[in-house]
Amino acid sequence: MRNRLKTTTIAGVAAAVLAVAMSFAVQPVEGQAGYQAERTADGRPNLNGIWQAIGTAHHDIEPHAARFGPVVELASHGAIGGGLGIVEGGEIPYRPEARAQQQENLQHWLERDPAAKCYMPGVPRATYQPYPFQLVQTPEYVLLAYEFASASRIVYMDRPDFEAPVDSWMGHNIGRWEGETLVIDVTAQVPDTWLDRSGNHHSNSIHVEERYTALSENHIMYEATITDSEVYTRPWTLRLPLYRRIDDNMQLLEYKCVEFAEELMYGHLRKDPDLTPTYRASGYGSDRQVTLEPPQ
Amino acid sequence: MNRVAGLVVLLWLLPAWPATAQQEAPAFRTAWGDPDLMGVWDFRSLTPLQRPRELAGKSVLTVEEAAAYERERVALLDKDRRTGDGLSSAGDVANAYNEFWWDYGKELTDDRRTSLVVDPPDGRIPDLTSTGQARRASRREMRRRDAWSPVDRGVAERCILGFNAGPPMNPSAYNNNVQIFQAPGYVVLLNEMVHDSRIVSLDGRGHLPGKMRQWRGDSRGRWDGDTLVVESTNFTEKTSFSGSGQAMRLVERFTRIDDGTVLYEYTVDDPDSFVSPWTVAIPMKHSDQPLFEYACHEGNYGMTNLMESARAVDAQRAVSGAQ
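Conventions and cut-offs
Residues numbered from 1 in each chain as written. Chains lettered and ligands numbered in written order. Predicted model: local features only at pLDDT ≥ 70, side-chain atom pairs only at ≥ 80, totals over all residues. Helix = DSSP H or I, 4+ residues; strand = E, 2+ residues; numbered from the N terminus. Buried ≥ 20, exposed ≤ 12 C-beta atoms within 10 Å, placed from the backbone. Contact = placed C-beta atoms within 7 Å. Core = buried A, V, L, I, M, F, W, Y, C linked by C-beta atoms within 7 Å. Pairing = 2+ DSSP bridges. Nonpolar A, V, L, I, M, F, W, Y, C, P; charged D, E, K, R; others polar. Axes fitted to C-alpha atoms, helices over the stretch in contact; angles between N-to-C directions. Arc of directions from axis to C-beta. pLDDT = per-residue confidence, 0-100.

Student: I'd like a description of the overall build of chain B, backed by residues and values.
Tutor: On a plain count of helices and strands, chain B comes out with five helices and ten strands. Among the 323 residues that make up chain B, the fraction classed as buried is 33%. Sequence separation of at least 24 residues holds for 63% of the intrachain contacts in chain B that already meet a minimum separation of 6.

Now the structure itself:
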């Protein structure tokens, strides 16, 4: 084990030296505004930080005007704001039957959206959920830790031949640097995730190539090229900027949404037909007389 | 704490850890100069959290006793053995979780301790206060009744937290591992159970406001020499570790004592719940295996089944009561 660790260290140092050399040789590579990011200790573009998308792509990645939401009581809070979309060329190149499936999904959004049940959102949806995520860079790994559902992805930066041991919700993530850009190849995703809250979907043949390129100290351009011949007629790309959360003392908080989804998923199996104790404790619901909490 | 210091000394002396570690000390540094704790660390152990009553007064086993204990425990955990039940379905259900699932390990800690608790010296978690006892009783009442709602069940069954991920971490049935990542200003503790990244900032900022309570609390870190010290507060009443409450102040210490070992120690300080603080020491071994995605909630058919059966029992009772 000691020899193996040593070898890794030496390889890491060599790679770092090479990376520094290359970064001087070929700069500026492809930072879209010619921006070259600050470097990490091992000479890579430094993308460490807490990032978040702004906009309504989490509702619908295709262009959409503002529309009604499905819950009457939420009124103007629950309606869906318009958005120009993040799909290159405007629309997702669905096969006709796959577009029909999306339309049907949209009609049944609340019952079918896997993320409403607090299932891990998959890639690329995790990126533009309306919650921050933290990117943590080490020489061997990039960790992507998402606030939503405590989802996480371990990106292997030095194991290009590591094949997915099994399908998963957040995919098998193999990363590499192309100049200024962090490129992550995402394979082996389960078919159960969606791309947004509008029923946009994929199969388990989905292959995502993500590209993260710093535009400035506080902006990353995020691109994902999606290939899935079972669902789309050609590969297509979505693109949106990510913004650094520069708030004082910014940190990821918990968004352990399982408890928020339990009523939706198991409410019909409750002993008490009234609201759950959790809802009552929050002050929502009409009847706060009955308590299911144990005596203190 | 003397006992912990003793453990460190003992580990240095063991032949499996040659004295080359000192020469390699610089290797335990990150490129930006922090002590390097990165890697996948395996904390499974046959050593129980608390010293079994029958071993009272005996903190360490001899080599022979340890070997016998390990053999006995491994045999006991072997669910595939048939113990007079023939091949009945009840026997199959009882054996459903067999050696394929259980991953307690096959060895005690290297120093052959009889408990992971190192303080108090009797190896036992101190008594609960009256508040702690009342909390435990009310939790037991919730667990005992037939799942009125998912909230009655434990946080691990609900897939909100892993049963061994804490904080604090503790060896349990399986997936006893944590991957540590570091970047300037941060240490991240990612437990396979349940894909939870605990992001610990090292910049000296204060804890969250007291009214913000989190399932895993709120962690802050600092370096004490080569040791990472993580202090967590802001816990909730919804989680409980061996009887702890939301007032728990948890201090964890991570020390890389050689190439292949991080010594993980934690102290539970919760005067609301326990009559005195207590400390645990667990050596975590380097693993070259990757973490898998433990998609717990996504596959939690168990909760649906458990709730359905609880309502079926209700219905049966209603029928028999009506007759």
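Student: Can you explain the overall build of chain A? Please cite residues and give values.
Tutor: Helix and strand counts for chain A stand at seven helices and nine strands. Classification of the 296 residues of chain A by burial places 36% in the buried group. Pairs at least 24 residues apart make up 57% of the contacts formed inside chain A by residues separated by at least 6 positions.

Student: Now, about the nonpolar core: what can you tell me, with residues and values included?
Tutor: Among the nonpolar cores identified, the biggest contains 100 residues, and A:Val142, A:Leu143, A:Leu144, A:Ala145, B:Ile180, B:Phe181 and B:Val188 are the most heavily contacted of them. The element contributing the most residues to this core is strand β3 (residues 141-146) of chain A, with six residues. Those residues within four positions of B:Phe181 in sequence are excluded, and the remaining contacts are A:Val136, A:Thr138, A:Tyr141, A:Leu143, B:Met38, B:Val188 and B:Leu190. Formed by five residues, the second largest nonpolar core is a distinct cluster that contains A:Tyr266, B:Ala147, B:Met303 and B:Met307.

Student: Give a description of unusual backbone geometry that names residues and reports values.
Tutor: Residue and element names in this part refer to chain B. Residues aspartate 119 and proline 120 are joined by a peptide bond in cis, for which omega reads 5°. With respect to the helices and strands, proline 120 occurs in the loop between β2 (117-119) and α4 (130-144). Residue proline 167 follows glycine 166 across a cis peptide bond; omega there is 5°. Its location among the elements puts proline 167 in the loop between α4 and β3 (177-183). Residue arginine 112 is not a glycine yet carries a positive backbone phi of 60°. Within the secondary structure, arginine 112 sits in the loop between α3 (89-94) and β2.

Student: Run through the pairing of β3(A), naming residues and quoting values.
Tutor: Residue and element names in this part refer to chain A. Across the six residues that make up β3, a large majority, six, are buried. Residue alternation in β3 divides its side chains into two sets, Tyr141, Leu143 and Ala145 and Val142, Leu144 and Tyr146, and both sets are buried. Pairing between strand β2 (residues 133-137) and β3: five bridges, direction antiparallel. Paired with valine 136 across the bridge in β3 is leucine 143. In this antiparallel pair of consecutive strands, β2 and β3, the connection spans three residues. Between β3 and the antiparallel strand that follows it, strand β4 (residues 152-156), lie five residues; alanine 149 among them carries a positive phi value of about 60°.

Student: Quick rundown of the environment of B:Thr109? Include the residues and the values.
Tutor: Residue and element names in this part refer to chain B. Tracing the backbone shows threonine 109 in the loop between α3 and β2. Here the alpha-carbon distance between threonine 109 and tryptophan 41, two residues 68 residues apart in the chain, equals 14 Å. Excluding its chain neighbours within four sequence positions, the residues that come into contact with threonine 109 are Ser45, Thr47 and Pro283.

Student: Any details on the interface of chain B and chain A? Residues and values, ideally.
Tutor: How big an interface is tends to be reported as the loss of accessible area on association of its parts. In this assembly, 45 residues from chain B lie in contact with 46 residues from chain A. Listing elements by their share of the side of chain B that touches chain A, those giving two or more residues are α4, β3, β4 (186-191), β5 (196-201) and α5 (301-322) of chain B. A per-element tally of the side of chain B that touches chain A places α5(B) first, with six residues. Taken together, the residues that form the side of chain B that touches chain A break down as 23 nonpolar, eleven polar and eleven charged.

Student: Describe the sheet that holds β4(A), with residues and values.
Tutor: Adjacent strands of a sheet form backbone hydrogen bonds with each other and so pair up, either parallel or antiparallel. Residue and element names in this part refer to chain A. Pairing is mixed around the closed barrel formed by nine strands, whose spatial order is β1-β2-β3-β4-β5-β6-β7-β8-β9. The average undirected angle you get between the axes of adjacent strands in this sheet is 30°. The pairing of strand β1 (residues 49-52) with strand β9 (residues 236-244) spans two bridges and is classified as antiparallel. In the strand pairing of β9, tryptophan 51 is matched with arginine 244.

Student: Explain the pairing of strand β10 (residues 278-287) of chain B to me, and be specific about the residues and the numbers.
Tutor: Along any regular strand, the residues point their side chains to alternate faces of the sheet. All names here are of chain B. Sheet topology places strand β1 (residues 39-42) next to β10; three bridges connect them, and they run antiparallel. Counted as the bridge partner of valine 40 is serine 287 from β10. Looking at chain direction, β2 and β10 are connected through two bridges and run antiparallel. Within the sheet, the bridge partner assigned to valine 117 lies in β10 and is valine 280. Bridge analysis of strand β9 (residues 261-269) against β10 gives eight bridges, and the strand direction is antiparallel. Considered in β10, the bridge of glutamate 265 is made with alanine 281.

Student: With reference to specific residues and values, describe the environment of B:Met38.
Tutor: For B:Met38, the location among the structural elements is in the loop between α1 (2-13) and β1. Along the chain, B:Met38 and B:Tyr294 lie 256 residues apart, while their C-alpha atoms are 21 Å from each other.

Student: Describe helix α6 (residues 258-266) of chain A, with residues and values.
Tutor: When we look at burial in α6(A), the residues that qualify are A:Val258, A:Glu262 and A:Tyr266. One side of α6(A) carries all its buried residues, which in axial view fall inside an arc of 60°.

Student: Can you lay out the confidence of the model for chain B for me, pointing to particular residues and giving the numbers?
Tutor: Residues and elements named next belong to chain B. With 85% of its residues at a pLDDT of 70 or more, chain B shows a mean pLDDT of 88. Counted against residues more than four places away or in other chains, residues 1-25, with its pLDDT under 50, gives 21 contacts. Across the interface, the model reports ipTM at 0.88; the global pTM reads 0.87.

Student: With reference to specific residues and values, describe the environment of A:Phe133.
Tutor: Residue and element names in this part refer to chain A. Position of phenylalanine 133 relative to the elements: it lies in strand β2. With 25 C-beta atoms packed within 10 Å, phenylalanine 133 lands in the buried category. Distance in space between the C-alpha atoms of phenylalanine 133 and phenylalanine 148 is 8.2 Å, their sequence separation being 15 residues. Residue contacts for phenylalanine 133: discarding those within four places in its chain leaves Trp51, Ala126, Leu144, Ala145, Tyr146 and Glu147.

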